[in-house]
Amino acid sequence: MATEKMLKFVTVPRLMPEKRDADARTQDFDEIYREFAANKAAEQASRCSQCGVPYCQAHCPLSNNIPDWLRLTAEGRLQEAYEISQATNTFPEICGRICPQDRLCEGNCVIEQSGHGTVTIGSVEKYITDTAWENGWVKAHLPEIERSESVGIIGAGPAGLAAADVLRRAGVQVTVYDRYDRAGGLMTYGIPGFKLEKDVVMRRINQLEQAGVQFVLNCNVGDDISFDALRGKHDAVLIATGVYKARDLAGDNADAAGIVRALDYLTASNRKNFGDDVAEYDNGTLNAEGKRVVVIGGGDTAMDCVRTAIRQGATSVKCLYRRDKANMPGSQRETKNAEEEGVEFVWLAAPAGFTADAGTVTGVNVQRMRLGAPDASGRRSPELIEGADYIEDADLVVKALGFEPEDLPKLWGVDGLEVTRWGTVRAQFGTGQTNLDGVFAAGDIVRGASLVVWGIRDGRDCATAILDYLGQAASVAAE
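**Some remarks on the overall build of the chain**
Next, step 1: From N to C terminus, the chain includes 19 helices and 16 strands.
Next, step 2: Relative to its length of 479 residues, the chain is compact, with a C-alpha radius of gyration of 23 Å against a globular reference of 23 Å.
Next, step 3: Taking the principal axes of its C-alpha atoms as reference, the chain extends roughly 70 × 65 × 45 Å.
Next, step 4: Of all 479 residues assigned to the chain, the portion counted as buried reaches 54%.
Next, step 5: Considering only intrachain contacts with a sequence separation of at least 6, the fraction spanning at least 24 residues in the chain is 70%.
Next, step 6: Taking the 52 positively charged and 69 negatively charged side chains of the chain as two groups, their mean positions are separated by 4 Å.

What follows is the structure, given as structure tokens:
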């Protein structure tokens, strides 16, 4: 019976895929976790309790049917498991690699709460879809009927690509415009290969192209094509640009050479790993080799930066964060990986400016902090400890303080597009409809900097709303 293959969490311990040795993995940008063997994937899937109220599914932004594909994996029915996993998720193998499962599905697993150790959901999800690719089960989804309506999507990140997939399956003509030379957004240029190897992203892009999605790359809206021209060319437009404006730091010598933005730093590294010519990497501006590196920030982007610097051959890598380890926003799993690889964390430390020599950074003026009373979010607020400043020597400082939206109305010369006081596009919850007719928005440009999985969810929801809009428009036209 099928149930005999489940409920093994009492006798089978939790197991992650083997992690490559820290000394070995810091020599390259390959992913650090090895693949599950088939028997281990089935064994770990069998630990699922098949609980009546699946909290893993409830806490997944995509509401993935996790218990069912775990059961099918335990039974060896991998193709069916893949079909279920991809029914709600455009990129299951990407989410399996980079989702913070410890804060989402795995962190809310019933057997985790009971003390038996969570099911390794992300690793099984990755295994299912990688197996599907290896066996040719992943196909380009050509629509049964082609429709005449077209949709222009601005931004080839998770939200834009997820929307493109849903719209194209419905037969809509889809064109995706992006400022970069490769599609994928932060999945391509913002996340290092040791977390997400780039061929994993590129094969999904190729799948969308095979399904008929058109990509117009190296295209800056507002310069190469106007927003009004896009509206005139398409029946609907989706804004899915993400948020790329880096939060900045003030203080003495804040403009010194050697102080760089996280996204610039990560993009240069990813381009180099694609084999591109990257002048700022080759001349050392965005290369940590032989340098004392200080990364400022405590989120996942900061973890990407410190671990990249280790691989580039930095002489030392330190991460400054103004709160303590328990209150950092980044994944605890990623923090542990960074510590294993030789990153030193300096907790309760905030930058107050920089030292420089002849215009080039030489150090960070660090203020020691302590945690005070909780703020409105419930996190304890950092407070300055007077007289505890010191200089942290540095040849390269990377600012990883998060991202904010660009001023799209100004950037694109669009009158009337409503934005919030934070600069995000104002859009209806669940549909993404903006105040402009036929213009929708999804992903980080609406919700602010967030997770890839939320971008996928927003893109899929918005695509459904666009299909409703196109249907209504067609009905009006037919009357």
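Now that the structure is up, let's keep going.
**Observations regarding the pattern of salt bridges**
Next, step 1: Throughout the structure, instances matching the rule amount to 42 salt bridges.
Next, step 2: Between Arg 25 and Glu 340 there is a salt bridge; the shortest N-O distance is 2.7 Å. Within this pair, whereas Arg 25 is found in helix H1 (residues 22-25), its partner Glu 340 is found in helix H16 (residues 332-340), the two being separated by 315 residues in sequence.
Next, step 3: Judged by relative accessible area, which is 1%, Arg 25 ranks as buried.
Next, step 4: Among the residues examined, Glu 340 registers a relative accessible area of 35% and is labelled partly exposed.
Next, step 5: Where Asp 304 meets Lys 195, a salt bridge forms, and the shortest distance between an N and an O atom there is 2.9 Å. Of this pair, Asp 304 sits in helix H15 (residues 300-312) while Lys 195 sits in the loop between helix H10 (186-189) and helix H11 (198-210), placing them 109 residues apart in sequence.
Next, step 6: Via salt bridges that share partners, Lys 19, Arg 25, Arg 307, Arg 311, Glu 334, Glu 340 and Glu 341 belong to a single interconnected network.

**What to know about the nonpolar core**
Next, step 1: Membership of the largest hydrophobic core comes to 70 residues, with the highest contact counts inside it found for Leu 70, Ile 153, Leu 167, Phe 215, Leu 238 and Ile 466.
Next, step 2: If one sorts the elements of this core by residue count, helix H19 (residues 452-478) sits on top with ten residues.
Next, step 3: Counting residues in hydrophobic clusters, the runner-up holds 28 residues, among them Leu 266, Val 278, Ala 288 and Phe 345.

**Let's talk about the sheet that holds strand E6 (residues 259-261)**
Next, step 1: Read from one edge to the other, the open sheet built from five strands follows the order E6-E14-E7-E8-E9, with strand pairing classed as parallel. The outermost strands of the open sheet, each flanked by one partner alone, are E6 and strand E9 (344-347). Here the average twist between neighbouring strands, direction ignored, is 25 degrees.
Next, step 2: Sheet topology places E6 next to strand E14 (residues 396-399); three bridges connect them, and they run parallel.

About the cut-offs
Residues numbered from 1 in each chain as written. Predicted model: local features only at pLDDT ≥ 70, side-chain atom pairs only at ≥ 80, totals over all residues. Heavy atoms only, no water. Helix = DSSP H or I, 4+ residues; strand = E, 2+ residues; numbered from the N terminus. Rg over C-alpha atoms; globule rule 2.2 N^0.38 Å. Buried < 20%, exposed > 50% of the residue type's maximum accessible area, 1.4 Å probe, protein only. Contact = heavy atoms within 4.5 Å. Lys, Arg positive; Asp, Glu negative; His and termini not counted. Charge placed at Lys NZ, Arg CZ, Asp CG, Glu CD. Salt bridge = Lys/Arg side-chain N within 4 Å of Asp/Glu carboxyl O. Core = buried A, V, L, I, M, F, W, Y, C linked by side-chain atoms within 4.5 Å. Pairing = 2+ DSSP bridges. Axes fitted to C-alpha atoms, helices over the stretch in contact; angles between N-to-C directions.

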